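Report on the structure
Below, each chain spelled out in residue letters.
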Amino acid sequence: MIGRRVGRGGRPGLIGVAARTAVVAGTASAVSGRVAARQQQAAAQQAAAQQAPAPVTASEPAPAAAPALDEQALSNLERLGTLHAQGMLSDAEFSTAKQRILAP
């Protein structure tokens, strides 16, 4: 058995452990750096979206001003709502009557 090295039984030596630790530490720092960069980028985009006003497109119609309702129209709407809640009016009848009251 001259010239035969005595093995360590599959365990890495000091240099192997140091190399593995360096690889793990380098990977962890690279991953944490990328995560931090993504979080900063997302926060910047969110801040920019909150500061910028929402663009108004030409295809959206301007909301119409609600007509002022008099006391009679309000009481009629309340009566219709009560009849609809009691089941005396169907959905279609309710919407038709409501449109008649709200139409100028």
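These figures come from a predicted structure and were not determined experimentally.

The helix and strand inventory of the chain stands at three helices and zero strands. Tracing the chain from N to C terminus, the helices and strands come up as α-α-α. Looking at the chain as a whole, 4% of its 104 residues are labelled buried. Surface exposure of the chain reaches about 9,300 Å², of which carbon and sulfur atoms provide 60%.

A separate point is the confidence of the model for the chain. Summarising the model, the chain shows a mean pLDDT of 79, and 74% of its residues fall at 70 or more. When the elements of the chain are averaged for pLDDT, helix 1 (residues 14-51) gives the smallest value, 86, and helix 3 (residues 91-102) the largest, 88.

Our focus in this paragraph is the UniProt feature "domain: SHOCT" (unreviewed entry) in the chain. UniProt marks residues 77-102 with the feature "domain: SHOCT" (unreviewed entry), using the numbering shown here. With 85% helix and 0% strand, residues 77-102 has end C-alpha atoms that lie 9 Å from one another.

With respect to the helices, strands and loops of the structure, E93 is situated in helix 3. Along the primary structure E93 and L80 are separated by 13 residues, whereas in three dimensions their C-alpha atoms are 9.6 Å apart.

On the surface, L69, L74 and L102 cluster together into a nonpolar patch covering about 200 Å² of accessible area. Along the chain, L69 falls in the loop between helix 1 and helix 2 (71-86). Here L69 falls in the partly exposed class, since its relative accessible area comes to 34%.

What counts, and where the lines are drawn
Residues numbered from 1 in each chain as written. Predicted model: local features only at pLDDT ≥ 70, side-chain atom pairs only at ≥ 80, totals over all residues. Heavy atoms only, no water. Helix = DSSP H or I, 4+ residues; strand = E, 2+ residues; numbered from the N terminus. Buried < 20%, exposed > 50% of the residue type's maximum accessible area, 1.4 Å probe, protein only. Areas by Shrake-Rupley, 256 points an atom, 1.4 Å probe, with all protein chains shown as cover. pLDDT = per-residue confidence, 0-100. UniProt positions renumbered as here; feature names shortened; annotations may be inferred. Patch = residues over 30% accessible without salt bridge, like charges linked within 9 Å, V, L, I, M, F, W, Y side chains within 5 Å. Salt bridge = Lys/Arg side-chain N within 4 Å of Asp/Glu carboxyl O.

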